[in-house]
Amino acid sequence: MAVFKTLAFLLVISLAAASDAISSFSFDGFVKSPSFDQNIALFGDSKLVSGGGSSIQLTGSVSRSEGRVIYMKPIKLSQATTKGRSFPGSFSTSFSFTMPSKEFGSVLAFVMVPSGLDLRLFGRKDNASSGLGFLLHKEIVAVEFGISKRGNRVGVLVGRPEAAKIRNLSSFDGHFNGEKRLNCWIDYEASSKRVEVRLSGSTALKPVDPFVSYSVDLAKIWEDKKFMVGLTSSNGNSSKPHYLHSWSFKLRHPSVRIHSQPLDPNAVSKTVKEEVEVKTVEVKGKKSKCIWRMLGALVLGAVCGSLGAMLALYLWTICGNRQSMAVVPEERADDKSDIVVIKAAAVVDEQGKK
């Protein structure tokens, strides 16, 4: 029986590792190859270009151009365990892009869409101001960079535009108006249920602090369903194309040996608090026990001391009585005869006087 459990455990671990490997990829530049054709699909005006390195040109050199890139293999966020339960994983994705548009309506977004979505939608032009209008009636999670009347912005979108969290990108204006690259890192942690977006224009090093963060439980959105990841772009009224230079994605699942379900920060803090309270009660109990032990030792010491003092006094009394007794010397026979003679002489002398 133990052998079967061990084999089942190893099977789950191997399947989880294989799933994570299939759901992870990295393209540091894009080259036409069988691997590229099997895993990457281009829609709309997007195409492979070369020149100073291989990149994907997402939009054409005309206005109102749209293009999309999709990783074709479905990804499952939740992982099943041997006990039939499932727990969500975390993921990280990073990409570098060039978005030199100055016109309103230019947008580039990382998207997560249901795997059952009709891929023909990706080839249609909807002329939406966000470039995501073809997805708004579906389940969608997106991180969007765009130019609007209010300036450059980054937003985390879940479901509908009104659910987005948007932050201004005024510190990155030069990267949108020129030919400079922008490097983006998007991380989702299942334990904290938070999407964090980091952005850098001057270096390829990942910043420590997130530029924007958004609390969302993706496990509730996707449950046990699969999704696909991609990038979509629209240049609005601009005729300058957008480029994707690199892209990577990594799915991470906690070890089955360590966790059977995701950690809840509130539950962890509650557990720690309860443990502290229990330890405090234990310490108080130990202190009270020590006090009673000390009192008992003091009482026992006092009783023993009293008994010892009484015993010493008794012994001292006995010894003192023995030393105070009078010693009477024995009378010898000679002394008795002398006394009789003396007494007889005294009697005769008294008679003569009379």
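Fair warning: this is a prediction, and the values are worked out from it, not measured in the lab.

Novice: Would you explain the overall build of the protein in this entry?
Specialist: The helix and strand inventory of the protein stands at six helices and 18 strands. Buried positions account for 36% of the 354 residues belonging to the protein. Looking at the protein alone, contacts between residues at least 24 apart form 69% of all its contacts between residues at least 6 apart. Put simply, the protein shows about 21,400 Å² of open surface, and 59% of that area lies on carbon and sulfur atoms.

Novice: Can you help me understand a nonpolar patch on the surface in this one?
Specialist: A cluster of nonpolar side chains, contributed by Ile291, Trp292, Leu295 and Leu298, occupies part of the molecular surface with about 480 Å² of accessible area. By secondary structure assignment, the location of Trp292 is in helix 5 (residues 265-323). Under the relative-accessibility criterion, Trp292 is labelled exposed at 64%.

Novice: Would you take a moment to explain the pattern of salt bridges for this structure?
Specialist: When the charged atoms of two side chains with opposite charge come close together, those side chains can pair. Scanning the entire structure with this criterion turns up seven salt bridges. Measuring nitrogen to oxygen at the nearest pair gives 3.0 Å for the salt bridge that ties Lys32 to Asp37. With a relative accessible area of 43%, Asp37 lands in the partly exposed category. Put simply, Glu196 and Arg198 hold a salt bridge, and the shortest N to O gap is 3.1 Å. A relative accessible area of 22% means that Glu196 is categorised as partly exposed. The exposure class assigned to Arg198 is buried, which follows from its relative accessible area of 9%. In this structure, a network of salt bridges that share partners links the residues Asp187, Glu196, Arg198 and Lys206.

Novice: Please clarify how the packing of aromatic side chains should be interpreted in this entry.
Specialist: Counted by the stated rule, this structure contains 13 aromatic pairs. When the ring of Phe25 is compared with that of Phe27, the centres are 5.8 Å apart and the planes differ by 45 degrees; the resulting orientation is tilted. Overall, the relative accessible area of 9% leaves Phe25 in the buried class. Where Phe27 meets Phe36, the ring centres are 6.4 Å apart and the plane angle is 80 degrees; that geometry is what we call edge-to-face. The pair Phe27 / Phe36 is uniform in exposure class, with both members buried. Put simply, the rings of Phe25, Phe27, Phe30, Phe36, Tyr71, Phe91, Tyr188, Trp247 and Phe249 pair up and form one aromatic cluster.

Novice: What is the right way to look at the side chain of Ser78 in this model?
Specialist: Summarising the element assignment, Ser78 is placed in strand 7 (residues 78-80). Sequence-distant contacts of Ser78, defined by excluding residues within four places in its chain, comprise Ser86, Phe87, Pro88, Glu223, Asp224 and His253.

Novice: Is there a simple way to explain the pairing of strand 14 (residues 182-189) in this structure?
Specialist: In the case of a regular strand, side chains alternate between the two sheet surfaces. Burial within strand 14 is extensive, with seven of its eight residues counted as buried. Looking at chain direction, strand 9 (residues 90-98) and strand 14 are connected through seven bridges and run antiparallel. Considered in strand 14, the bridge of Phe91 is made with Tyr188. Examined bridge by bridge, strand 14 and strand 15 (residues 194-200) share seven bridges and lie antiparallel to one another.

Novice: Would you mind going over the environment of Pro114 with me for this structure?
Specialist: Here Pro114 shows up in strand 10 (residues 107-114). A C-alpha to C-alpha distance of 4.3 Å links Pro114 and Phe227, two positions 113 residues apart in sequence. Among all residues touching Pro114, those that are not within four sequence positions of it are Glu139, Trp222, Lys226, Phe227 and Met228.

Novice: Just checking my understanding: could you explain the confidence of the model for the protein for this structure?
Specialist: Do not read the predicted coordinates in detail wherever pLDDT is low. For the protein, per-residue confidence averages 75 on the pLDDT scale, and 64% of positions sit at 70 or higher. Segment residues 1-20: pLDDT under 50, and 11 contacts once partners within four positions in sequence are set aside and those in other chains are kept.

Novice: Is there a simple way to think about the nonpolar core in this case?
Specialist: Nonpolar side chains tend to gather and get buried jointly when the protein is soluble and globular. Formed by 46 residues in total, the largest nonpolar core has its most connected members in Phe95, Phe145, Val229 and Trp247. Formed by 13 residues, the second largest nonpolar core is a distinct cluster that contains Ala41, Phe43, Ile70 and Leu117.

Novice: Is there a simple way to think about the environment of Ala41 in this case?
Specialist: Note on placement: Ala41 falls in strand 2 (residues 40-44). A relative accessible area of 12% means that Ala41 is categorised as buried. Residues Ala41 and Met72 lie 31 residues apart in sequence; the distance between their C-alpha atoms is 6.6 Å. Contact partners of Ala41, with chain neighbours within four places excluded, come to Arg68, Val69, Ile70 and Met72.

Novice: Can you help me understand unusual backbone geometry in this one?
Specialist: Glycine aside, negative phi is the norm for most residues, and most peptide bonds take the trans geometry. At Arg64, a position not held by glycine, the phi torsion is positive, near 60 degrees. You can see Arg64 is positioned in the loop between strand 4 (54-57) and strand 5 (66-71). Phi is positive for Lys193, close to 55 degrees, though the residue is something other than glycine. Structurally, the position occupied by Lys193 is in the loop between strand 14 and strand 15.

Novice: How do you make sense of the environment of Gly155 when you look at a structure like this?
Specialist: Mapped onto the fold, Gly155 is located in strand 12 (residues 151-158). Linking Gly155 and Phe145, residues 10 residues apart in sequence, is a C-alpha distance of 6.7 Å. Apart from the residues lying within four places of it in its own chain, the contact partners of Gly155 are Ala142, Val143, Glu144, Lys165 and Ile166.

Novice: What's the story with the side chain of Ser238 in this structure? I'm lost.
Specialist: Locating Ser238 in the fold gives a position in the loop between strand 17 (226-234) and strand 18 (243-252). A polar contact of 3.1 Å, which involves the side chain of Ser238, links it to the backbone nitrogen of Lys240.

Here is what the cut-offs are and how they apply
- Residues numbered from 1 in each chain as written.
- Predicted model: local features only at pLDDT ≥ 70, side-chain atom pairs only at ≥ 80, totals over all residues.
- Heavy atoms only, no water.
- Helix = DSSP H or I, 4+ residues; strand = E, 2+ residues; numbered from the N terminus.
- Buried < 20%, exposed > 50% of the residue type's maximum accessible area, 1.4 Å probe, protein only.
- Contact = heavy atoms within 4.5 Å.
- Areas by Shrake-Rupley, 256 points an atom, 1.4 Å probe, with all protein chains shown as cover.
- Patch = residues over 30% accessible without salt bridge, like charges linked within 9 Å, V, L, I, M, F, W, Y side chains within 5 Å.
- Salt bridge = Lys/Arg side-chain N within 4 Å of Asp/Glu carboxyl O.
- Phe/Tyr/Trp six-rings, centres within 6.5 Å; stacked < 30°, edge-to-face > 60°.
- Pairing = 2+ DSSP bridges.
- pLDDT = per-residue confidence, 0-100.
- Core = buried A, V, L, I, M, F, W, Y, C linked by side-chain atoms within 4.5 Å.
- Polar contact = N/O pair within 3.5 Å; in protein donor to acceptor, adjacent residues only side chain to side chain.

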